[in-house]
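Architecture at a glance
Here is what each chain is made of, one letter per residue.
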Amino acid sequence: MLEQLLIFTRGGLILWTCKELGNALRGSPIDTLIRSCLLEERSGAASYNYDAPGTAYTLKWTFHNELGLVFVAVYQRILHLLYVDDLLAMVKREFSEIYDPKKTVYSDFDDIFRQLRKEAEARAEEIKKAKQVDKPVSNNMGKKQSQLHRSGLEGGNKKKSDGESGNDSGDDDDNVKGRKLEAHSKGSYVANRNVPAKGIANGKENGSSNNGAFDVNKLQKLRAKGGKKTETIVNKVPKEETKKKITKKNRVWDDSPKESKLDFTDPVSENGDENIQIVAADQGESMMDKEEIISSESESEEDEEAEKGTKVEAKKKGWFSSMFQSIAGKANLEKADLEPALRALKDRLMTKNVAEEIAEKLCESVAASLEGKKLGSFTRISSTVQAAMEEALVRILTPRRSIDILRDVHASKEQRKPYVVVFVGVNGVGKSTNLAKVAYWLQQHDVNVMMAACDTFRSGAVEQLRTHARRLQIPIFEKGYEKDPAIVAKEAIQEATRSGSDVVLVDTAGRMQDNEPLMRALSKLIHINSPDLVLFVGEALVGNDAVDQLSKFNQKLGELSPSASPRLIDGILLTKFDTIDDKVGAALSMVYISGAPVMFVGCGQSYTDLKKLNVKSIVKTLLK
């Protein structure tokens, strides 16, 4: 049974609900659909499942893009109603005819909906009965066809054996029939059955050139000859190399002075203590506090490409037809009109390192938002699609909540407790290095920071963090190796409370998303210590793997947590952003799959190389 049907505008104004149904929905399925599906550019999906206490709903929807209306139907998932899609299409058609933008009450639509619902249910019943009637007939037909197919095969084999026994002067009709049956059994038609005697005399099955085949023996001989040639070439190369033996020399430039020393490692004293230089105030201002300036070169390049595109299209279509269409505009955009532009856009996103699955979902969502919309005058479909995709990308990458860490730190300080940040991620992405960058940035804002060395698994992890702590003059809490990281983090937070530290940055061991024991330990650490922020550290180099990493990290943290409401990933720190050129798609993939914002971007090796994500710059790079 249908639970509810709503019609509302894209602005959120409810125009009509079915009073007859009037069932009180458990939970808030409509709000969840809008928040997690429609606003997140996942509207290309066929349906949305919502789990509420004691029941489970399925939601289906459709848009009227020209009028800006949304039609949503809600029903219990266990029922599998067949008429919902048909009913939504009919409601959309009938309601669009009586819709008035100035009108907000549509009580007269109740009778129309009642009639439409009866028609949809009756049509669904007819289709169901027709399927039940057709099933036995189709089964019988299938059995008869299989029997005929078997008899045909047997006949073909018999005639083939008769032909091979030496009756070459038999009836031509029998040979033709045998050929046809063999062709059907193999799936292809053989034009010439009688192979010339030349191939048989030579003792080679594939020796005839008349039947279109190739000689395997000749191919093997050619390969053997090619192999001998390559062997002789390979054997000659070492002789030439042994004659030359040129040693590489350092290049000396005329203008530059000679470098006397290339070893810049820190000297070690007799006791083994490193003389580490203090750089807390020497590195300068962090890039987090600097505003990034976007050059206008990309905009001019886009304009030039658009002009070239219009010229090419004008040449293809002809001057008069293209001019008339651009002035008059297209009546309504259909899916077939959007497919070429969306296909090109999907390929462009994938070349920028966006995961294929996410690029496809984005294109489906953009198609759903544009289908049925009227194309304005002097506008092209490709530019309309690109503008819609740009809006969607900005909406996805813009954080839905405040990510001002400094404000949250001061709020925790007023409550006299430290602000705890846990860094998680796979192996080798740069968690410890970027933790030090975040510590340096917080130091610049007069925040007392403490590091917690909870990577008790990797060799040298504690020493690496200790080096950063000495260079930045930051206290570090460590307990060595082979300890429970959850207990180490708990003791570090207690020590920070006693010493008056404002922030505790917890370093954890790198782990693959499929390693259940390590993921269980991480889930325990988060559950026991309840951090204020869980940061996922990921490389900007990953493509399709970003989806797998983040989705499985969130999945494992939820499954392995003993809490009823487990903590998931709150934010993302993208590393190695300076090595990817224009392949910035990992940022989009990670945000889309997790819903968490990109809070920091690592873009170099020094402590100052940490900045915010510039959404406009990323979107322009993706669509360039």
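Residues numbered from 1 in each chain as written. Predicted model: local features only at pLDDT ≥ 70, side-chain atom pairs only at ≥ 80, totals over all residues. Heavy atoms only, no water.

Now for the overall build of the protein. A count of helical and extended segments in the protein gives 19 helices and 13 strands. For the protein, the residues scored as buried account for 38% of the 624 residues in total. Considering only residue pairs separated by 6 or more positions, the protein has 72% of its internal contacts joining residues 24 or more positions apart. (Helix = DSSP H or I, 4+ residues; strand = E, 2+ residues; numbered from the N terminus. Buried < 20%, exposed > 50% of the residue type's maximum accessible area, 1.4 Å probe, protein only. Contact = heavy atoms within 4.5 Å.)

Val 385, Met 389, Phe 423, Leu 442, Met 451, Leu 505 and Phe 600 are the most contacted members of the largest nonpolar core, which has 109 residues in total. Sorting elements by how many residues they give to this core places helix α11 (residues 381-397) first, with 8 residues. What Leu 442 contacts, discounting residues up to four positions off in sequence, is Leu 406, Val 447, Val 449, Val 503 and Leu 505. Core analysis: the second largest hydrophobic core is formed by 26 residues, Leu 15, Cys 18, Tyr 75 and Met 90 among them. (Core = buried A, V, L, I, M, F, W, Y, C linked by side-chain atoms within 4.5 Å.)

This part takes up the packing of helix α9 (residues 335-351) against α11. The contact between α9 and α11 brings their axes to 9 Å, and the two run at 50°. Regarding the angle of α9 to α11, the classification is oblique. Crossing angle aside, the handedness with which α9 passes α11 is right-handed. Side by side, α9 and α11 meet where Asp 337, Leu 338, Ala 341, Leu 342, Leu 345, Arg 348 and Leu 349 of the first sit next to Ile 381, Ser 382, Val 385, Gln 386 and Met 389 of the second. Among the residues forming the contact of α9 with α11, the class breakdown is 8 nonpolar, 2 polar and 2 charged. (Axes fitted to C-alpha atoms, helices over the stretch in contact; angles between N-to-C directions. Parallel < 35°, antiparallel > 145°, perpendicular 65-115°, else oblique. Left-handed = near helix turned anticlockwise from the far one by under 90°. Nonpolar A, V, L, I, M, F, W, Y, C, P; charged D, E, K, R; others polar.)

By the bridge criterion, 5 bridges tie strand β3 (residues 48-52) to strand β4 (residues 55-64) in an arrangement that is antiparallel. If you follow Ala 52 over to β4, its bridge partner there is Thr 55. In this structure, the hairpin formed by β3 and β4 is closed by a connection of 2 residues, where Gly 54 is found at a positive phi of approximately 90°. (Pairing = 2+ DSSP bridges.)

We now examine the sheet that holds strand β10 (residues 533-539). Sheet architecture is open: 8 strands sit in the order β8-β7-β9-β6-β10-β11-β12-β13, paired in mixed fashion. Each end of this open sheet is capped by a strand with a single partner; those strands are β8 (476-477) and β13 (610-611). Pairing between strand β6 (residues 419-424) and strand β9 (residues 503-507): 5 bridges, direction parallel. In the sheet register, Tyr 419 faces β9, and the bridge partner there is Val 503. Running over the sheet, helix α13 (residues 431-444) touches β6, β7 (449-453), β9, β10, β11 (571-575), β12 (598-602) and β13 and is turned about 170° from β9.

Residues Met 1, Ile 78 and Leu 79 make up a contiguous nonpolar surface patch of roughly 320 Å² in combined accessible area. Topologically, Met 1 is positioned in the segment before β1 (2-9). (Patch = residues over 30% accessible without salt bridge, like charges linked within 9 Å, V, L, I, M, F, W, Y side chains within 5 Å. Areas by Shrake-Rupley, 256 points an atom, 1.4 Å probe, with all protein chains shown as cover. Salt bridge = Lys/Arg side-chain N within 4 Å of Asp/Glu carboxyl O.)

If you trace the 5 strands from one edge of the open sheet to the other, you get β2-β1-β5-β4-β3, paired in antiparallel fashion. Each edge of the open sheet is held by one strand with a lone partner, namely β2 (14-17) and β3. Averaged over neighbouring strand pairs, the angle between their axes works out to 25° when direction is ignored. Note that β1 and strand β5 (residues 69-76) share 7 bridges and pair antiparallel. Within β5, the residue paired with Leu 6 across the bridge is Val 72. On top of the sheet, helix α1 (residues 29-38) reaches β1, β3, β4 and β5; it is set at about 60° to β4, its chief contact.

Although it is not a glycine, Asn 353 sits at a positive phi angle of roughly 80°. One non-glycine residue, Arg 416, adopts positive backbone phi at about 60°. Tracing the sequence through the fold places Arg 416 in the loop between α12 (405-414) and β6.

Another point: the confidence of the model for the protein. Close reading of the predicted structure is inappropriate where its pLDDT is low. Here the protein averages 76 in pLDDT, while 68% of its residues score no lower than 70. pLDDT under 50 marks residues 228-242. Its contacts with residues more than four places away, or in other chains, come to 0 contacts. When the criterion is pLDDT under 50, residues 296-328 qualifies, and its contacts beyond four places in sequence or with other chains add up to 21 contacts. (pLDDT = per-residue confidence, 0-100.)

In this section: the packing of aromatic side chains. Inspection of the entire model under this criterion finds 10 aromatic pairs. With a centroid separation of 6.3 Å and 35° between ring planes, the pair formed by Phe 95 and Tyr 99 is classed as tilted. Like Tyr 99, Phe 95 is buried. Ring plane angle 75° and centroid distance 5.2 Å describe the contact between Phe 536 and Phe 553, whose orientation is recorded as edge-to-face. Of the two residues, Phe 536 sits in strand β10 while Phe 553 sits in helix α17 (residues 545-559), which places them 17 residues apart along the sequence. Here the aromatic cluster, defined as three or more aromatic residues joined through ring pairs, consists of Trp 16, Phe 71, Phe 95, Tyr 99, Tyr 106, Phe 109 and Phe 113. (Phe/Tyr/Trp six-rings, centres within 6.5 Å; stacked < 30°, edge-to-face > 60°.)

This paragraph deals with the pattern of salt bridges. By the definition in use, this model includes 23 salt bridges. For the salt bridge of Asp 502 with Lys 413, the shortest nitrogen-to-oxygen distance reads 3.8 Å. Taken as a pair, Asp 502 in the loop between α15 (485-499) and β9 and Lys 413 in helix α12 lie far apart in primary sequence, 89 residues in all. Under the relative-accessibility criterion, Asp 502 is labelled buried at 7%. Here Arg 498 ties to Glu 495 by a salt bridge, and the two come within 2.8 Å at their closest N and O atoms. Here Glu 495 and Arg 498 lie together in helix α15, a separation of 3 residues that amounts to about one turn. Owing to a relative accessible area of 61%, Arg 498 belongs among the exposed residues under this scheme.

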